[in-house]
Amino acid sequence: MKGFFDMEEMPEGSEVPELPGQLAFFPDQCTTQPGGKKHKRTYPELNPLVLNDPHLVSILICCVLLRLNGSLPEDWLYEMMVVSGHISYFLYADAIGFLIENGSVNEETDAQQKTRYCLTNRGRLCAEKLRQYVPKPFRDQVMLTALRYASRRRALEELSIRYEPDVEGCALCVACRDGGQDMFSIRIHAPSAESAEMLGERILRNPAGFFGKIIDIAMNNEEEDFDLSDN
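Calculation rules
Residues numbered from 1 in each chain as written. Predicted model: local features only at pLDDT ≥ 70, side-chain atom pairs only at ≥ 80, totals over all residues. Heavy atoms only, no water. Helix = DSSP H or I, 4+ residues; strand = E, 2+ residues; numbered from the N terminus. Contact = heavy atoms within 4.5 Å. Patch = residues over 30% accessible without salt bridge, like charges linked within 9 Å, V, L, I, M, F, W, Y side chains within 5 Å. Areas by Shrake-Rupley, 256 points an atom, 1.4 Å probe, with all protein chains shown as cover. Salt bridge = Lys/Arg side-chain N within 4 Å of Asp/Glu carboxyl O. Buried < 20%, exposed > 50% of the residue type's maximum accessible area, 1.4 Å probe, protein only. Lys, Arg positive; Asp, Glu negative; His and termini not counted. Polar contact = N/O pair within 3.5 Å; in protein donor to acceptor, adjacent residues only side chain to side chain.

A. Representation of the environment of alanine 146. Tracing the chain through its elements places alanine 146 in helix H5 (residues 136-158). Sequence separation between alanine 146 and tryptophan 76 is 70 residues; the distance between their C-alpha atoms is 8.6 Å. Alanine 146 has contacts with Val64, Leu68 and Met80, leaving out every residue within four places of it along the chain.

Shown next, in the form of structure tokens:
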């Protein structure tokens, strides 16, 4: 190309001129080890995210309470935050103590004589105004755990689930209750106890959807078509 120095046109014995702005060329390092084996790339390990600021934990607790109607049993909140592995017991205890002390959360006793944590107006403002200070990955992880846990516990209050082993496997017995009365019940045979428990866990993910689909199928079930052409 015109404008580039052509090595073939240089007279023999002449020196290579220095070009302004010339870049040095370094060949790529060979990633193949002796013997034809390719060198395995190594990457730095990604450490899991850890939330260790008690003030951010306090904001996060207010967000969970606000999302779940502003009130939760003490054992529910403890399961969501500590047993699930999101934060340590000491961070949780410090955050709860701080929220109660500054009036963001009230400690109350319900009809079953169990302790509940109830969000006050101060705590509601904390969740609404300060939630952005908590990194979204933490908010999403903890909120998803809280929503799943609350849904499961509420489902267990409305459902009766039993596993009845027999010679040929295990039977899953599920009953939907309303005011102490069984409204809907179903018995499913499974080849093993593990299979029955897996079915039970799947139903607990969305009991209303499960029973709703069964009722919908029953309401829209049509009579089988009979062929009378050969009659």
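B. Representation of a nonpolar patch on the surface in the model. On the surface, a cluster of nonpolar side chains totalling about 430 Å² of accessible area is made up of Tyr78, Val83, Tyr89 and Phe90. Every element with two or more residues in the nonpolar patch is listed here: helix H2 (74-83) and helix H3 (89-101). Within the secondary structure layout, tyrosine 89 lies in helix H3.

C. The side chain of aspartate 110, seen in detail. Note on placement: aspartate 110 falls in the loop between strand S4 (105-109) and strand S5 (115-119). Nearest to the buried, unbridged aspartate 110 among oppositely charged side chains is arginine 116, at 4.2 Å. Looking at aspartate 110, its side chain comes within polar contact range of the main-chain nitrogen of lysine 114, at 2.7 Å.

D. Broad picture of the environment of serine 160. Within the secondary structure, serine 160 is located in strand S6 (residues 159-166). The exposure class of serine 160 is partly exposed, given its relative accessible area of 21%. Spatially, the C-alpha atoms of serine 160 and serine 185 are 8.9 Å apart, while their sequence positions differ by 25 residues. When near neighbours in sequence (up to four residues on either side) are disregarded, serine 160 contacts Cys173, Val174, Ala175 and Arg177.

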